[in-house]
Protein chains: 6
Amino acid sequence: MAVVVQNISRTDRSIANAFGGFGVSTVHEAQGRKGYLAPYLSPIYPGAHISGTAVTISVAPGDNWTIHVAVEQCEEGDVVVVAPTSRCDDGYFGELLATSLRSRGVRGLVIDAGCRDVADLQTMGFPVWSRCVSATGTVKETLGDVNVPVVCGGQLVNPGDVIVADDDGVVVVRRKEAAEVLEASRTREEKEAVSRERYEAGEVGLDVNNMRERLAEKGLKYVDQEPEH
Amino acid sequence: MAVVVQNISRTDRSIANAFGGFGVSTVHEAQGRKGYLAPYLSPIYPGAHISGTAVTISVAPGDNWTIHVAVEQCEEGDVVVVAPTSRCDDGYFGELLATSLRSRGVRGLVIDAGCRDVADLQTMGFPVWSRCVSATGTVKETLGDVNVPVVCGGQLVNPGDVIVADDDGVVVVRRKEAAEVLEASRTREEKEAVSRERYEAGEVGLDVNNMRERLAEKGLKYVDQEPEH
Amino acid sequence: MAVVVQNISRTDRSIANAFGGFGVSTVHEAQGRKGYLAPYLSPIYPGAHISGTAVTISVAPGDNWTIHVAVEQCEEGDVVVVAPTSRCDDGYFGELLATSLRSRGVRGLVIDAGCRDVADLQTMGFPVWSRCVSATGTVKETLGDVNVPVVCGGQLVNPGDVIVADDDGVVVVRRKEAAEVLEASRTREEKEAVSRERYEAGEVGLDVNNMRERLAEKGLKYVDQEPEH
Amino acid sequence: MAVVVQNISRTDRSIANAFGGFGVSTVHEAQGRKGYLAPYLSPIYPGAHISGTAVTISVAPGDNWTIHVAVEQCEEGDVVVVAPTSRCDDGYFGELLATSLRSRGVRGLVIDAGCRDVADLQTMGFPVWSRCVSATGTVKETLGDVNVPVVCGGQLVNPGDVIVADDDGVVVVRRKEAAEVLEASRTREEKEAVSRERYEAGEVGLDVNNMRERLAEKGLKYVDQEPEH
Amino acid sequence: MAVVVQNISRTDRSIANAFGGFGVSTVHEAQGRKGYLAPYLSPIYPGAHISGTAVTISVAPGDNWTIHVAVEQCEEGDVVVVAPTSRCDDGYFGELLATSLRSRGVRGLVIDAGCRDVADLQTMGFPVWSRCVSATGTVKETLGDVNVPVVCGGQLVNPGDVIVADDDGVVVVRRKEAAEVLEASRTREEKEAVSRERYEAGEVGLDVNNMRERLAEKGLKYVDQEPEH
Amino acid sequence: MAVVVQNISRTDRSIANAFGGFGVSTVHEAQGRKGYLAPYLSPIYPGAHISGTAVTISVAPGDNWTIHVAVEQCEEGDVVVVAPTSRCDDGYFGELLATSLRSRGVRGLVIDAGCRDVADLQTMGFPVWSRCVSATGTVKETLGDVNVPVVCGGQLVNPGDVIVADDDGVVVVRRKEAAEVLEASRTREEKEAVSRERYEAGEVGLDVNNMRERLAEKGLKYVDQEPEH
């Protein structure tokens, strides 16, 4: 009963691309502190920052066959998201599959399992966010599904949703909320730029954010250190 | 009943600074193999090496309000140490707070919780040792304490103690023991320099450290590998 | 009853060296997906890639004395493999021992425990694959064994076996199977080079590997996404 | 923007109840090996076995206020499912809330966080499946949502879905698939009863499941142990 | 420089004993949600509930010698608290040492490491809260300290402090705060008894705790589930 | 290239059985503190205590086919030991396979992976020591080996070795060392019986084991607690 869903509705390409200008933490906050995949999904090398539209893959434990199936469903600007149906640390993905995905314009991979060939992947500049690095290979016996909703890093990801990933991890933005969240990300960043200037000038957050009155109400006390014996 | 303790007694600045010339492992050994914070506190980027005087913060889970409160208690040469009252992996700290701390001369942060904006923090050169990286934000609802004794990474840290941190992790040195431990670190390093030269020249530790007699007493046997079948 | 086994049978040096041209994942696959040490054994800095013959050390928890004992059993081209008799995260190994090992031509260390002085080890270019980084020191009280079979990262390692290690982790190859596995690694890499070219040219794995027929037999269905409400 | 969704569509009560006659592993297999919540969700005491309809709660980290909100949305035969928006090990739930839920006919709780008062909960016979046991309390500051889809133990749970829980853990069955999965569970159990009799009589699985031919095709070899040296 | 501190100031015996009437979660709340040891410290068998005065022991990794040293410092009504100076999962403690401690009136043990002989310990009714169960033995080579402040499960424990332990874990109460916290525990329990009656009668927490107005202020919305497609 | 090794040399049955009279910790110590499988292998229910001869199984991740193959290699008094070739938490084993093994006289199972149907297994009294409990099922696609040496819980287990398991975990004894270790276990237990009597009579370990002189040599100091401020 394995299924490949074709011709998915993707988030508008220009919107998905524009998210690449914002960090994962900014986007996470801008959409109301939701959508952040579990922090154990970390980049295999530092410095990558991508955004794109999700092609989702549900795989059996220890079996990467469905990733091969999914390749031809990908297009320029996609990010592939892979979730096993039960926890698995095996190395589902390496540089050959990366070569194939890159030739179709895929920008990176998020996988709630292991990844291998990490030195090669860094050399070729194909970023992966994974649960772990593992050379343990997988088989090609059991089929999974392509472009169905998956839970990856504890978050629901639908095909066509926006994925943003950087050194802080990975965040998903719903397709229908993408335009609004993009705008909120811009607003947040502009507001932070103002705060940053004040912080650089030596002002403290208690003043920048007008917190002193509320702190007093909550009963915060300032005392001097007791003299020592 | 939240409290900010002001005007804490810090370790002498010249002593605290001088620890920056010694690695965490050296200092840990020099003070009798104690004071090392749990190794899950790791640097968010490699290559940083700092020392300074602790400003301590006890925070509620998922709430970074007290870090804002603590900023104005910091001075040039401090290292901020944050411990939640129960385990929390959220991202309490990012580049805005780092900007604020840096403007006051703080050298880095040690936090038994999550950190975010790690790419920005690396770019601006503000090092953090944290339990994890996480974009998950925090709220500002519950007050904690500033400059009280905290347990961070399983070690007690008092305000004003010395913190040394590098790629090996973080070590705390009591304020009253700092001068003595600094001297012991110097002595240890000088002794190691002598050993290093002998090792480079090809001598083995059994001779450099006069271990052969004690090994024999303990009954160590040298045998040849049995021929194979 | 501690024992040092001398004059072990090592894998032929030219064979052991030749493995350095192949990645850990390739070797692991080429020998039938076996011999991969647990992925928690990770490099302390990225980019190292070594191969060599194993000198094995069984150590007591929190005691690195036997590593000193083992140094003079090492020769040019060896890789030292250390396994504690029960789980221990302490920092058994640092730059002084690395200096000693390097002066004998040892290429690196694999340890199912902690390592320290990691900044120094990176500077001097002595790679270590370890369970963790920890400054916690060890004592020299209890003897262990040198060049006995050990279990490291869940895999049996015999003295003289081949060790290959890179950013994907560590794999062990039995001495008697080394020539055969080396040949299989070459074959695999040549085959992958052909696939890589086809992937770069835009072919997908379903065609490169003739998978379409088997997928149809397994009942894979292609459907279009349902229109949304 | 916190929301309580009222008057949810629950799985038919008689169907939800009937699942109580089948183990979690049976149901998991019967629906095609899906829907099993991560195995770190374990019972706080052994021997409980429940089924019911999900009332779902999304909570902020360290804040159990929304569980209080949800109580009056519960009815006889429900199982409450709680998921924090980021990982939290605090003790959200104890015997007072259990008393309240039980008075409304709730059969148990599944929570991707901590639980406390476990001795009392065992005494009163209110089962909980949790990530951990923790006495750490929570606050009542931030609102969450009731009866929205949540991800708990890595699985999506919708309000009204069937929850089955026993010593093997927790499985979710979609409301619309419940009748079909119930039937498949019955079929599976009947088939297993036949196999069980044959196993008890001494037959082996190779014969009970006709595996010998396929094993031979796969190349399985039977050899005698080599004589020892 | 190992030290045994004798004649420590213990919390008044009648106060320490009285804590045995209150659960760990109650005491933890009553003292302002602090003092709870990390929840990985769990009972080796269910159903034990003790309170007493702490005798503290700092041990080297893999070395239980100092526990033997500490036995004669114990008296009727004590609870022994053991913390290794670095993480160690070895089995420091078994039924022989338990026999020795029990003969002096010690009520149980809390250890941030491993414990063994757990079946025997259950049979003899000597409860232990430990990080893990492990048969791995320890040596008697390195001395530690008795009755110094230790960090156990991430909490500072001073000799003479009150320890309360049950199925929820372990909480420490400072000696000087013990009388006050005991009183607060009583008050809390009385208040909970009132709430419990109301919950049993079917009232919900929103009314019992007068939460409805504050929920409305926070903007909580009640909506009906949307009809399905 | 999968292999079933038949007619293995088992440890003498009377010796293997006699180990059932000794606890895992006793046996582990008696053979020189070795052979203890990692403590994450824990019993699925408390109170079981078995010994027997190992039938070993190497399985692919997520595939339990080879356990079926192994059943007919078992005989009265065996203990089955299962190790996956890479980490896997799936539920390989449940009550049907247990029924089959029990009908052949197998006493229990040790598996470095998951187990399910744990309530049923407890009811039927078939003990299992596993890495975890998981309902996640496995497939029957890839063959493994029967009665080859395996690494389970970090220890090498050969077919025919003795396995002893109780609430402390699992220990393996080499077939050729079994008689000697059995004798050493008896000796150890007799010695402990003497110590136990002295402990019960109130003597402390420092006297029972004549430790006072060595403690003094090591420099242990007894001091009184300083008076408080």
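Quick caveat: nothing in here was measured; it's all calculated off a predicted structure.

What counts, and where the lines are drawn
- Residues numbered from 1 in each chain as written.
- Chains lettered and ligands numbered in written order.
- Predicted model: local features only at pLDDT ≥ 70, side-chain atom pairs only at ≥ 80, totals over all residues.
- Heavy atoms only, no water.
- Helix = DSSP H or I, 4+ residues; strand = E, 2+ residues; numbered from the N terminus.
- Phe/Tyr/Trp six-rings, centres within 6.5 Å; stacked < 30°, edge-to-face > 60°.
- Lys NZ or Arg CZ within 6 Å of the ring centre and 35° of its normal.
- Buried < 20%, exposed > 50% of the residue type's maximum accessible area, 1.4 Å probe, protein only.
- Contact = heavy atoms within 4.5 Å.
- Buried area = accessible area lost by both parts, 1.4 Å probe.
- Salt bridge = Lys/Arg side-chain N within 4 Å of Asp/Glu carboxyl O.
- Polar contact = N/O pair within 3.5 Å; in protein donor to acceptor, adjacent residues only side chain to side chain.
- Nonpolar A, V, L, I, M, F, W, Y, C, P; charged D, E, K, R; others polar.
- Least-squares fit on C-alpha atoms with pLDDT ≥ 70 in both.

Asks: When you look at unusual backbone geometry in this model, what are you seeing that I'm missing?
Replies: Phi is mostly negative for residues that are not glycine, and the peptide bonds are mostly trans. Even without being glycine, D:Asp117 reaches a positive phi, approximately 60 degrees. Mapped onto the secondary structure, D:Asp117 falls in the loop between β6 (108-115) and α5 (118-124).

Asks: Any chance you could explain the packing of aromatic side chains here in plain terms?
Replies: Two descriptors summarise a pair of aromatic rings, namely the distance from one centre to the other and the angle between the planes of the rings. Taken as a whole and judged by the stated rule, the model has 6 aromatic pairs over all chains. For the cation-ring pair, C:Arg131 lies above C:Tyr40, with the distance from its terminal atom to the ring centre recorded as 4.3 Å. Sitting over the face of the ring of A:Trp65, C:Arg214 holds its NZ or CZ atom 4.4 Å from the ring centroid.

Asks: Where do I start with the side chain of C:Thr26 in this structure?
Replies: All names here are of chain C. Topologically, threonine 26 is positioned in helix α2 (residues 24-30). Look at threonine 26 and you get buried, because its relative accessible area is 9%. Aside from chain neighbours lying at most four places away, what touches threonine 26 is Ser185, Arg188 and Glu189.

Asks: Which parts of the structure should I look at to understand the interface of chain A and chain F?
Replies: Where interface size is given, it is often the accessible area lost as the parts come together that is meant. Between chain A and chain F, the contact holds 10 residues from the first and 10 residues from the second. Buried surface at the junction of chain A and chain F, summed over both partners, amounts to about 780 Å²; 48% is from carbon and sulfur atoms. Run the count over chain A and chain F and you get 0 salt bridges. At the boundary of chain A with chain F, the tally comes to 1 residue pair in polar contact (both at pLDDT 80 or more). Among the residues making up the side of chain A that touches chain F, the classes are represented as 2 nonpolar, 4 polar and 4 charged.

Asks: When you look at the interface of chain A and chain C in this model, what are you seeing that I'm missing?
Replies: On the side of chain C, 35 residues touch chain A, which itself brings 38 residues to the contact. When chain A packs against chain C, close to 3,200 Å² is buried across both sides, 53% of that on carbon and sulfur atoms. The tally of links from chain A across to chain C stands at 4 salt bridges. Where chain A meets chain C, there are 19 residue pairs in polar contact (both at pLDDT 80 or more). The set of elements that each furnish at least two residues to the side of chain A that touches chain C consists of β1 (3-6), α3 (65-70), α4 (95-103) and α5 (118-124) of chain A. A total of 5 residues in the side of chain A that touches chain C trace back to one element, the largest contributor, which is α4(A). A per-class count over the side of chain A that touches chain C returns 16 nonpolar, 13 polar and 9 charged.

Asks: Please clarify how the relation of the copies chain A and chain C should be interpreted in this entry.
Replies: Related by rotation about an axis and a shift along that axis, the two copies of the chain form a pair. Mapping chain A onto chain C leaves a residual RMSD of 0.1 Å; the transformation is a rotation of 120 degrees accompanied by 0.1 Å of translation along its axis. This pairing of chains is accounted for by a three-fold axis. Using C-alpha coordinates, one finds that chain A approaches the rotation axis most closely at A:Pro46, a distance of 6.2 Å.

Asks: Looking at this structure, how should I read the relation of the copies chain A and chain F?
Replies: For the match of chain A to chain F, the screw axis carries a shift of 0.0 Å, the RMSD comes to 0.0 Å, and the turn is 180 degrees. The operation mapping one copy onto its partner corresponds to a two-fold rotation axis. Comparing contact sets, 100% of the residues at the interface of chain A also lie at the interface in chain F, consistent with an isologous, same-surface contact.

Shape descriptors only; they carry no functional weight alone.
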